[in-house]
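Breakdown of the fold
The lines below spell out each chain.
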Amino acid sequence: MEKKTLITAEAEMQIPVTEPERQYYFIEKAKENLAKLMEQEKRSFTFCVTTFGCQMNARDSEKLVGILEQIGYVEEPDEEKADFVIYNTCTVRENANQRVYGRLGQLGRIKKKNPHMMIALCGCMMQEPEVVEKLKKSYRFVDLIFGTHNIYKFAELIVSRMNSGKMVIDIWKDTDKIVEDLPSERKYPFKSGVNIMFGCNNFCSYCIVPYVRGRERSRDPKAIIREIERLAEDGVVEVMLLGQNVNSYGKTLEHPMSFAQLLQEIEKIDKIERIRFMTSHPKDLSDELIEVMAQSKKICRHLHLPVQSGSTRILEKMNRRYTKEHYLGLVEKIRTAIPDISLTTDIIVGFPGETEEDFQETLDVVRKVEYDSAFTFIYSKRTGTPAAVMEGQIPDEVVKDRFGRLLEEVQTISARMCAKHEGTVQRVLVESHNEHDERLMTGRLSNNLLVHFPGDESMIGKFADVRLDECKGFYYIGKIVEK
Ligand code: SAH
Ligand code: SF4
Ligand code: F3S
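We now turn to the structure provided with this report. (Residues numbered from 1 in each chain as written. Chains lettered and ligands numbered in written order. Predicted model: local features only at pLDDT ≥ 70, side-chain atom pairs only at ≥ 80, totals over all residues. Heavy atoms only, no water.)

Below, the discussion takes up the pattern of salt bridges. Scanning all chains against the criterion turns up 44 salt bridges. We note a salt bridge from Lys191 to Glu431, for which the minimum N-O separation is 3.0 Å. Taken together, the positions of Lys191 in strand β7 (residues 191-195) and Glu431 in strand β15 (residues 425-433) put the pair 240 residues apart, joining distant regions of the chain. The exposure class assigned to Lys191 is buried, which follows from its relative accessible area of 17%. Judged by relative accessible area, Glu431 falls into the buried class, the value being 7%. A salt bridge links Glu431 to Arg444; the nearest nitrogen and oxygen atoms lie 3.0 Å apart. One end of the pair, Glu431, is in strand β15; the other, Arg444, is in strand β16 (residues 440-445), and 13 residues separate them in sequence. When salt bridges with common partners are traced through the structure, they connect Arg59, Glu62, Glu180, Arg219 and Glu227 into a single cluster. (Salt bridge = Lys/Arg side-chain N within 4 Å of Asp/Glu carboxyl O. Helix = DSSP H or I, 4+ residues; strand = E, 2+ residues; numbered from the N terminus. Buried < 20%, exposed > 50% of the residue type's maximum accessible area, 1.4 Å probe, protein only.)

Structure below.
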């Protein structure tokens, strides 16, 4: 017994304590384990990662895929056939959780037929203690559960599961740690998301994100620049900078730096041709940023500026820390400085206490701003947030009626905004084949709209000049023009 402990201790001494070296060590260990299994079964082993939620999660999933591929797993798009199924979950709205439980039940039945199958759950939903309790009780077949703060430890957790044969659960409440230089696999060769900050400190009263993503922390600008330079060397021409509130980037750094300054540094990277970012919080959007955007040749003509509600009274209850007038003033400033900017937004309908007058204020903002598009959400009660216990929760039929009216207004306006560009020639980045028609390619305009035009696969990842012949409401049909 004593001897065994000694050997374990000795083996443990070889495990690096610093990151990312420690994770590269575990990637090697997992690789050895998997190689044995493949040898034994005489076949390759596959994985399928399903991502729910926002672009933060999409980027996290690319990190998971990077680690899985280094270990030696091969991607399998059909989760029913995969040996390792990973759900990267979202919990921003109630129905997001229900969907995960539903799909998980189905996975459990499939797992019974494949003794080697592993199931991992991670992401925002796992940061909620009730969720983990429920999984522990009713979904015993899940192999691995981890949260948003320790995603970088994926390889270590896999090894721990492989060696113990038991359900492994590792959830951290919060972290101040940012681990750099881990592998990551990009979904597109020519564009990539880049995290510039993690977490959120805003505590909008309806929102669960600050509880599941922890406190706001900005990445070191040097690490961001290094990552983007590497991406550029690797053929990436467009980056999307990601953060819950990019306008407060850099405030907590040892040497504070503004988001606008960071953008200027990124602009200097040669092969990067397009820079996008999200999300901007109206309360922190600076004049400096507007100026930098106006002068930039690379920052895209698109700003996602969630308004959430048009009523100052509701905005206050939402803890958004701006008024309707401030928001409209900001929009005017932006439009004056950058006339061709496309503005998009998020709107919540049916927040507790919302009256018909409040809702009319929202419609008024929609009409005044003329959004190019808007994501509209029905308010969802998230246990643990202040709004969940507010008085005046709105009956379903009232919310549905308002939602319908809002959607109609938003759609009419976006069709009108889209039609404005009909007939113009725009530079687009060709992204993919059209999903419905193989002969068509799909390209993205600087303002984030899509155009479908005849072309072939060789164009993917390249820029092209396309005439927008016909506006179809929220996209275009066009033709390449030679310049
Ligand atoms: N950080 C971003 C938003 C992240 S969540 C921002 O501040 O804009 C994306 C969107 O989900 C939010 O903008 C909001 O419109 C919506 N949302 C968040 N919590 C919600 C809830 N409880 N019910 C309905 N929609 C919600
Ligand atoms: Fe949620 Fe508000 Fe933070 Fe956005 S800024 S993630 S809506 S708390
Ligand atoms: Fe959802 Fe988490 Fe994003 S809750 S919206 S995946 S930060």
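More follows now that the structure is in view.
With that out of the way, let us pick up the environment of Gly147. For Gly147, the position within the fold is in the loop between β5 (144-146) and α6 (154-164). Sequence spacing of Gly147 and Leu121 is 26 residues, and the spatial spacing of their C-alpha atoms is 8.3 Å. Ignoring sequence-local partners within four residues, the contact set of Gly147 consists of Gly123, Met126, Gln127, Asp170 and Ile171. (Contact = heavy atoms within 4.5 Å.)

Looking now at the packing of aromatic side chains. Under the counting rule described, the total for this entry stands at 15 aromatic pairs. With a centroid separation of 5.6 Å and an interplanar angle of 55°, the aromatic rings of Tyr188 and Phe190 are classed as tilted. One aromatic cluster is present, built from ring pairs that chain together Tyr73, Phe84, Phe146 and Phe154. We note Arg43 situated over the ring of Phe45; from NZ or CZ to the ring centre the distance is 4.2 Å. When the ring centre of Tyr101 is taken as origin, the NZ or CZ atom of Lys134, which lies over that ring, is 4.2 Å away. (Phe/Tyr/Trp six-rings, centres within 6.5 Å; stacked < 30°, edge-to-face > 60°. Lys NZ or Arg CZ within 6 Å of the ring centre and 35° of its normal.)

The subject of this paragraph is the site of ligand 1. The environment of ligand 1 is made up of 15 residues, and the closest members are Gln244, Pro306, Gln308, Asp346 and Ser380. Taking Arg320, its side chain carries an N or O atom lying 3.4 Å from an oxygen atom of ligand 1. Here a nitrogen atom of ligand 1 sits 2.8 Å away from a polar atom, N or O, in the main chain of Ser380. Mapped onto the shell around ligand 1, the elements with two or more residues apiece are β13 (342-349) and β14 (373-378). Considering only residue class, the shell around ligand 1 consists of seven nonpolar, four polar and four charged. (Near = heavy atom within 4 Å. Polar contact = N/O pair within 3.5 Å; in protein donor to acceptor, adjacent residues only side chain to side chain. Nonpolar A, V, L, I, M, F, W, Y, C, P; charged D, E, K, R; others polar.)

With 68 residues, the main nonpolar core has Val239, Leu241, Phe259 and Phe277 as its most contacted residues. Those residues in contact with Val239 that lie beyond four places of it in its chain are Ser192, Val194, Ile228, Leu231, Ile266, Ile272, Arg274, Ile275 and Arg276. Within the second largest apolar cluster, 29 residues are counted, among which are Phe47, Val65, Tyr73 and Val159. (Core = buried A, V, L, I, M, F, W, Y, C linked by side-chain atoms within 4.5 Å.)

In the vicinity of ligand 3, the contacting residues are Cys54, Asn57, Cys90, Thr91, Val92, Cys124, Arg213 and Gln244. For the shell around ligand 3, the residue count by class is four nonpolar, three polar and one charged.

Another aspect to go through is the side chain of Glu128. Positionally, Glu128 belongs in the loop between β4 (118-123) and α5 (129-138). Notably, Glu128 is buried but unbridged: the nearest opposite-charge side chain belongs to Arg382, and the N-O separation is 4.1 Å. (Lys, Arg positive; Asp, Glu negative; His and termini not counted.)

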